[in-house]
Structures are given as structure tokens and as C-alpha cells.
Amino acid sequence: MGLEQYKGDMEMCCRCSACKFIPMQKVNGSQFSYACPSISRYNFHSYSGGGRVNIGAAMLKNGFNYTDKLLHIVYNCQMDGACGVSCNYAMDMEVLQPIQEFRIKCVQDGHTHPALDKVIAGLRKTGAMVPAQGKRGDWAAGLDLKDATKEKVDVLYHVGCLTSYDKDYQKLARATAKILQKAGVDFGIAGNTETCCGGRAYQMGYEADFLNQAKKNMAMVKKSGAKTLVTGCADGYQAFKVLYDKYDLKGSLKVLHISEYIDKLIRDGTLKPRKKVNLSVTYHDPCRLGRLGESWVHWTGKKVPGDKFVFDPPKEYRRGTKGVYEPPRDVLRSIPGVKLTEMTRIKEYSWCCGAGGGVNDSNPDFNLWTAKKRIEEAISTGAEAIVTACPWCEKNFNEAIKESGSGLKVYDIVELVEKAL
Ligand code: SF4
Ligand code: SF4
């Protein structure tokens, strides 16, 4: 049904602009009050969540008119869902879902962005969303890991494109593997056979490519016999846990982010972080581990006759409150010497790192601008380092820091755990 299924939601928008900001109760000052990078940067209503659903409703009514300006609005959105969470603080309506369907429609109608087309062409050729240099499993050399395509494993570690191929971030895969080895977990990797989760293709609007990747991945999972999949990439986490479920492809697979898995291993005494890591940190919630990592809700119901917005049974909205927020924080608190200070925009109100929705490829300048805003917020806490739980965030923050010349350090949570073990 595509965009049409959200007609009622889009028409419900009262143009209050709450989707532009974090809720008033959470605001500490004007500097960190914005929720939406797009409206914050472009300062014109159409760039906000509300503006986007207004456009969707108007186009359903009057026909689709793809102007350059419209496509600039479409491809300058991180698809990070902060708008929906802020809107849903008071309203019951879908915001990100129609924005996502609008993007899928743009792609289906052939109104794509050249930079994103290039990334997708790479995906179709190599199975990766980043330039594929060397082999996907090269990072695992010398670690003696189980090959999940040949042996049965309890846990499949899905590494992800960036962590597999980018020489600067392969350290995250190695740290993760060493932590799991230390804990004695029966896990394996798919090595060179691993392929992209498809999550980033979905955010960019390429639904068919996403589905293709999802089917390949689930066939691989079945072959491995794994009942649990662990990943350190927030995009991968959302894809396997939420998007595959949305499309009824996940089955009974249990999907855990590495921070959840490590938290479990620390709680049951399997892992004991004993070495002191003297560091004051602030934690960045990746959008797709936090508000967008919330389970999909398979609601079926219908509108109450005669009423436009009342459903029977009542519709359950995903408000971002059930994302993965405490496990990474608990892991950080369990590391001796680590002191955690929070930023203003945390958990479901976290500010995006900038890389979502393919913005890192479609508009690198906007991507970096968004990351720099987060770095300013992290610095305002007085912390020495920003810790995150997704390689895309870590990469963006490193680039923002390099350009702004700040001395803030950046870590992924697995790097600190590895130091402490
Ligand atoms: S999307 Fe929601 S918060 Fe934004 S203007 Fe519309 S009703 Fe208000
Ligand atoms: S998805 Fe993110 S960037 Fe796009 S309108 Fe919503 S808050 Fe703004």
C-alpha cells in the first residue's frame, strides 16, 4: 500500500512543529534543543518531519511533482526518526513511516540521488555499502574463528560492511571477537560470505535491494544453525531485529547488539572487567540502537466507522522508549575508572551522528555539520571522550573532531571493554 496507508496519519498533522525540538521538559537551553538535523540546518518547514508529512499528504491528493527542490528536501534527511519520537510525546500518529514510504516511492519512480545510486551499484556488485578493498573476512586473520558457513554455531557474529572493510575500524571486529573468545562463547562468522544487512539501502529508499539482502542473510543464518545473532553495528541491529521482522523475514532469530550481549556476560559473571580505565566519558545513543531499535509492532485493526483517527483495537505506537539504552550504560559503569556524564539529548531524544539515510554520501557537508553539533554537545559535558556503539557514528565523530581540531577522544564501547579485560 506504500504511502497511501499513512494518508490518515499525514492528514492528522496539526503543524505544531513539536517534531523540530526535543520536548520542552527536557530542554536545558536553546543550544541543544533541536531534535531534527534537517530543519536545524535548512530552517524551512518542509525540511521538518511535519513539513515532510504535509508534502506527502498534498502529493497524494494532487499528484506527485518531483522538482529539484522537493528532491533536495527528500535526500537531506537522516531518516533518524527524532521527529516521530518528539511528535509522539503528545500525538498518536506515524511520522517516520510515511517519510520512509515517500523515499521508497521516489526511488521506485526513478527520482534517485546520483551519489546513492553509486553506493547501491556497489552493493549489487560486492555486497557492501562501502568500497570493498581486499576480502570481507580479512580482518579475522590469525584469530582462528569458526566459519559459520561450514560449522554449526550458537551465535553468529554479523560484522557489518564498515567494520569489515575499513582498515581504521576493523579493530572493532577484532576487539569483539576477542571479547567473545575470552567469554568462551560458541560463535562464528561468515567471513568472506557475509553480506550487507541491507539496512542502509532501506533508509536510502531502495526497498528491493534491502529485501534481496535480507533474504540472503536469513538463508545464511539458517545454514549456520545459529539461534542468536550479535552485531556491533547499529544499522545491522535495526535491520535484523526490526526491519526483517517488519517484512516477516526474521522468524525466531534472537538479535542482540554486542553491548547487550556483553552486559549479559558481565551480569552472569562470565566477563569481569578488572583493569582500570581512567576516563571521563559521555555516551552517544546511535539512532538505530536507540529509538529505532525498538521492536516492530505487528498491529492489525481497523478504523472505528465514522471516526478518522480511532482504531479498534487501539493502535500501539513505537515511541522510542524501548530502545537499547541501559545495557551500554551499565557496561560503561562496570568498567573501573570510567566516569559517565550525560549530554542533554539522550536515549530516544539523541541527536543523530549525521550518517543516517545515506546523508554521508548524498551531502557530506551536512553529514559533517550534524556530527560537529554532537561533538559540541559532548564537549559541553566536560568529558574527555565520547563513546558510541556503532562504527558509522565513530567514523563521523572522528572526522568532525579532525576538522574542528577538538581534543575529544572517540571510542566504541567494545574498545573500552577490551582495555578493561
Ligand atoms: S508531525 Fe507531529 S509534531 Fe510535527 S507538526 Fe505535525 S503534528 Fe506537530
Ligand atoms: S527523520 Fe530526522 S532529519 Fe528527517 S525529518 Fe525526521 S528528525 Fe529530521
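Scroll up to find the structure this text is about.
About the criteria used
- Residues numbered from 1 in each chain as written.
- Chains lettered and ligands numbered in written order.
- Predicted model: local features only at pLDDT ≥ 70, side-chain atom pairs only at ≥ 80, totals over all residues.
- Heavy atoms only, no water.
- Near = heavy atom within 4 Å.
- Nonpolar A, V, L, I, M, F, W, Y, C, P; charged D, E, K, R; others polar.
- Core = buried A, V, L, I, M, F, W, Y, C linked by side-chain atoms within 4.5 Å.
- Buried < 20%, exposed > 50% of the residue type's maximum accessible area, 1.4 Å probe, protein only.
- Contact = heavy atoms within 4.5 Å.
- Pairing = 2+ DSSP bridges.
- Helix = DSSP H or I, 4+ residues; strand = E, 2+ residues; numbered from the N terminus.

**Quick notes on the site of ligand 1**
Line of reasoning, step 1. Neighbouring ligand 1 are the residues Cys13, Cys14, Arg15, Cys16, Ser17, Ala18, Cys19, Gly50, Cys87, Met91 and Met93.
Line of reasoning, step 2. Residue composition of the shell around ligand 1, grouped by class: eight nonpolar, two polar and one charged.

**So, the site of ligand 2**
Line of reasoning, step 1. Neighbouring ligand 2 are 14 residues, the closest being Cys36, Arg52, Cys77, Asp80 and Cys83.
Line of reasoning, step 2. Of the residues that constitute the shell around ligand 2, the class distribution is seven nonpolar, five polar and two charged.

**Describing the nonpolar core**
Line of reasoning, step 1. Residues Met129, Trp139, Tyr261, Ile262 and Leu416 are the most contacted members of the largest nonpolar core, which totals 128 residues.
Line of reasoning, step 2. Non-local contacts of Leu416, meaning those with residues more than four positions away in its chain, are made with Val277, Leu279, Val281, Leu332, Ile335, Val387 and Tyr411.
Line of reasoning, step 3. Grouped together as the second largest cluster of nonpolar side chains are five residues, Ile22, Ala35, Ala82 and Tyr349 included.

**Observations regarding the sheet that holds strand β4 (residues 228-231)**
Line of reasoning, step 1. One open sheet holds the five strands; their spatial order is β1-β3-β2-β4-β5, and the pairing between them is parallel. In this open sheet, the two strands that pair with only one neighbour each are β1 (146-147) and β5 (254-257).
Line of reasoning, step 2. One ladder, built from two bridges, connects strand β2 (residues 155-158) with strand β3 (residues 187-189); its direction is parallel. Counted as the bridge partner of Val155 is Phe187 from β3.

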